[in-house]
Protein chains: 2
Amino acid sequence: MLEHKSKIKFTAYVAASIDGVIAQNSKISNTWASKEDTIFFQRALKEHDIFIVGHSTYKNAKARLDKRNTVVFTSKVKAPKKVGPVLFFNPAYSSFLAFIKKNKYKKPAILGGPRVYGYFIESGLLNELFITLEPYIFTNGVQMFKGKAFKKHNLKLVWTKKLNKNGTLLLKYTHAS
Amino acid sequence: MLEHKSKIKFTAYVAASIDGVIAQNSKISNTWASKEDTIFFQRALKEHDIFIVGHSTYKNAKARLDKRNTVVFTSKVKAPKKVGPVLFFNPAYSSFLAFIKKNKYKKPAILGGPRVYGYFIESGLLNELFITLEPYIFTNGVQMFKGKAFKKHNLKLVWTKKLNKNGTLLLKYTHAS
């Protein structure tokens, strides 16, 4: 099983403010990402064969996600359910890793929101994480990760890249555990 | 007034996880900062002439803060009140900038927590910000900044420094407005 898992790479992408906010609220999508981050993000997505989002993220970006191979995590189904172009999936009832292996996906991209990011870090599936830190402070809003409880998950910084003159920072981490 | 203000530099220090968490809860002080961050922080504090904290931060670090020139922000006093070695101050009732100018302080250090950081960014007083990003994800806990409402405050990245091999990052920002 570990051998099979090792061929699959789960990658998460997060764009956040310095204070770790990813959105004003769950109904408003990010309109403040820099042009440079948007270019990086769109290019990076081309490398992936499946995209995982939560229900709010799906609703905020439905038109674009409907054109991709998208899985929407939701608590509203038990068994996986295809609705239109996307698959609704409840990871509390079905093994998401088994699903990925069965369908021979190799490069899942995790696009948020906080509970979906939280699921992948808590389940130990997350392999790498790209964080774009925009040079803003919002002081309120939706936080990056939402897990079940405070816990120290160890990551390792691979590299940093300054994307523009204002200091948008792109950080690549791998999951150390 | 602007001329006087320009001689004073307000500097905030924050140590956080990648997901913007600064503590498990307001009663537990940070025990996960790297040795390298602790060394940076203790050296940096020597440059300052006054230290501003909130009530929880004060209680968590009372022994050390009682030896410094410390102001504790609190809603429990109206007029500034000296209690033992520290001054309790309510910025809703008294001008903190007027207090700093009257006492000829030049280098205030803002040490948290979230509402104190929030006050300084919202009031426009904050000049520079040092953020140490430890390579952890906590998924829950106390967030870096707490302001009145979601608002985009612009900062500018001055430099980044990798403090150790795990990738603890020290980021220096200036307030762009």
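An account of the accompanying structure is given in this report.

**Brief notes about the side chain of B:Glu128**
Residue and element names in this part refer to chain B. By secondary structure assignment, the location of glutamate 128 is in strand β8 (residues 128–134). A relative accessible area of 9% means that glutamate 128 is categorised as buried. At a separation of 3.3 Å, a polar atom in the side chain of glutamate 128 contacts the side chain of lysine 172. Leave out the neighbours within four places in its chain, and glutamate 128 touches Lys9, Phe10, Thr11, Ala12, Lys172, Tyr173 and Thr174.

**Notes on the sheet that holds strand β6 (residues 86–89) of chain A**
The 10 strands are arranged β5(A)-β6(A)-β4(A)-β3(A)-β7(A)-β1(A)-β8(A)-β12(A)-β11(A)-β9(B) in an open sheet whose pairing can be described as mixed. Bordering the open sheet on either side are β5 (81–83) of chain A together with β9 (136–137) of chain B, each of which pairs with just one other strand. Strand direction decides the pairing type here: strand β4 (residues 70–73) of chain A and β6(A), joined by 3 bridges, are parallel. Residue A:Val71 lies in a different strand from β6(A), and its bridge partner there is A:Leu87. The sheet strands contacting helix α2 (residues 35–45) of chain A are β1 (11–17), β3 (50–54), β8 (128–134) and β12 (169–175) of chain A, and the helix crosses β1(A) at an angle near 170 degrees. Contacting β1, β3, β4, β7 (108–110), β11 (153–162) and β12 of chain A together with β9 of chain B, helix α6 (residues 114–122) of chain A crosses the sheet at an angle of about 115 degrees to β3(A).

**What about the packing of aromatic side chains?**
All names here are of chain A. Using the criterion set out here, one finds 44 aromatic pairs over all chains in the structure. Judged by centre distance (5.0 Å) and plane angle (65 degrees), the ring pair of tryptophan 32 and phenylalanine 138 falls under edge-to-face. Of this pair, tryptophan 32 sits in the loop between β2 (21–23) and α2 while phenylalanine 138 sits in the loop between β9 (136–137) and β10 (142–143); the two residues are 106 residues apart in sequence, bridging distant segments of the chain. Assessed through its relative accessible area of 1%, phenylalanine 138 is described here as buried.

**Quick notes on the relation of the copies chain B and chain A**
Under the fitted operation, chain B is carried onto chain A by 0.0 Å of movement along the axis and a turn of 180 degrees, and the coordinates agree to an RMSD of 0.0 Å. Given the turn and translation reported, the copies of this chain are related as if by a two-fold rotation axis. Residue B:Gly20, judged by its C-alpha, is the member of chain B lying nearest the rotation axis, at 2.2 Å. Most of the interface of chain B is mirrored in chain A, where 100% of its interface residues again form contacts.

**Some points on the interface of chain B and chain A**
Counting from both sides, the interface comprises 42 residues of chain B and, opposite them, 42 residues of chain A. Buried surface at the junction of chain B and chain A, both sides included, amounts to about 3500 Å², of which 62% is carbon and sulfur. The three residues of chain B that bury the most area against chain A are B:Ile137, B:Thr139 and B:Phe150, which together make up 21% of that side's buried surface. Joining chain B to chain A, the criterion identifies 0 salt bridges. Run the count over chain B and chain A and you get 18 residue pairs in polar contact (both at pLDDT 80 or more). Breaking the side of chain B that touches chain A down by element, the ones donating at least two residues are β2 (21–23), α6 (114–122), β8, β9, β11 (153–162) and β12 (169–175) of chain B. If you tally residues by element for the side of chain B that touches chain A, the top one is β11(B), at 7 residues. Split by residue class, the side of chain B that touches chain A holds 21 nonpolar, 12 polar and 9 charged. In terms of strand pairing, β11(A) meets β9(B) through 2 bridges, oriented antiparallel. Across the sheet, the residue bridging to A:His153 is B:Ile137, located in β9(B).

**What about the pattern of salt bridges?**
Between side chains of opposite charge, a pair can form when the charged atoms approach closely. Residues and elements named next belong to chain A. Tallied over the entire structure, the rule returns 6 salt bridges over all chains. Here glutamate 128 ties to lysine 9 by a salt bridge, and the two come within 3.8 Å at their closest N and O atoms. Pair noted here: glutamate 128 is in strand β8 and lysine 9 is in the loop between α1 (2–7) and β1, with a separation of 119 residues, a long-range link. Of the residues examined, lysine 9 reaches a relative accessible area of 42% and is grouped as partly exposed. Across the salt bridge formed by glutamate 128 and lysine 172, the nearest N and O atoms sit 3.3 Å from each other. With glutamate 128 in strand β8 and lysine 172 in strand β12, this residue pair connects regions lying 44 residues apart in the sequence. Considered together, glutamate 128 and lysine 172 belong to a single accessibility category, that of buried residues. If you follow the salt bridges from partner to partner, you end up with Lys9, Glu128 and Lys172 in one network.

**Here's the deal with helix α2 (residues 35–45) of chain B**
Residues that lie three or four places apart on an α-helix share one face, since the helix turns once every 3.6 residues. All names here are of chain B. All of the buried residues along α2 are Asp37, Ala44 and Leu45. For α2, the angular spread of the buried residues around the axis is 95 degrees, confining them to a single face. Facing away from the buried side of α2, by more than 90 degrees, are the exposed residues Lys35 and Arg43. Those residues of α2 hidden inside the fold are in contact with β1 (11–17), β3 (50–54) and β8.

**Thoughts on the nonpolar core**
In terms of nonpolar packing, the biggest core is built from 72 residues, with A:Phe96, A:Phe120, A:Leu129, B:Phe96, B:Phe120 and B:Leu129 touching the most fellow members. If we skip the residues at most four places from it in the chain, B:Leu129 touches A:Ile137, B:Ala12, B:Val14, B:Phe145, B:Leu155, B:Leu171, B:Lys172 and B:Tyr173. Membership of the second largest hydrophobic core comes to 18 residues, among which are A:Phe40, A:Ala44, A:Tyr58 and A:Phe88.

**Side note on α2(A)**
Taken as a whole, α2(A) has its buried residues at A:Asp37, A:Phe40, A:Ala44 and A:Leu45. Residues of α2(A) that are buried in the fold lie against β1, β3, β8 and β12 of chain A.

About the thresholds
Residues numbered from 1 in each chain as written. Chains lettered and ligands numbered in written order. Predicted model: local features only at pLDDT ≥ 70, side-chain atom pairs only at ≥ 80, totals over all residues. Heavy atoms only, no water. Helix = DSSP H or I, 4+ residues; strand = E, 2+ residues; numbered from the N terminus. Buried < 20%, exposed > 50% of the residue type's maximum accessible area, 1.4 Å probe, protein only. Polar contact = N/O pair within 3.5 Å; in protein donor to acceptor, adjacent residues only side chain to side chain. Contact = heavy atoms within 4.5 Å. Pairing = 2+ DSSP bridges. Axes fitted to C-alpha atoms, helices over the stretch in contact; angles between N-to-C directions. Phe/Tyr/Trp six-rings, centres within 6.5 Å; stacked < 30°, edge-to-face > 60°. Least-squares fit on C-alpha atoms with pLDDT ≥ 70 in both. Buried area = accessible area lost by both parts, 1.4 Å probe. Salt bridge = Lys/Arg side-chain N within 4 Å of Asp/Glu carboxyl O. Nonpolar A, V, L, I, M, F, W, Y, C, P; charged D, E, K, R; others polar. Arc of directions from axis to C-beta. Core = buried A, V, L, I, M, F, W, Y, C linked by side-chain atoms within 4.5 Å.

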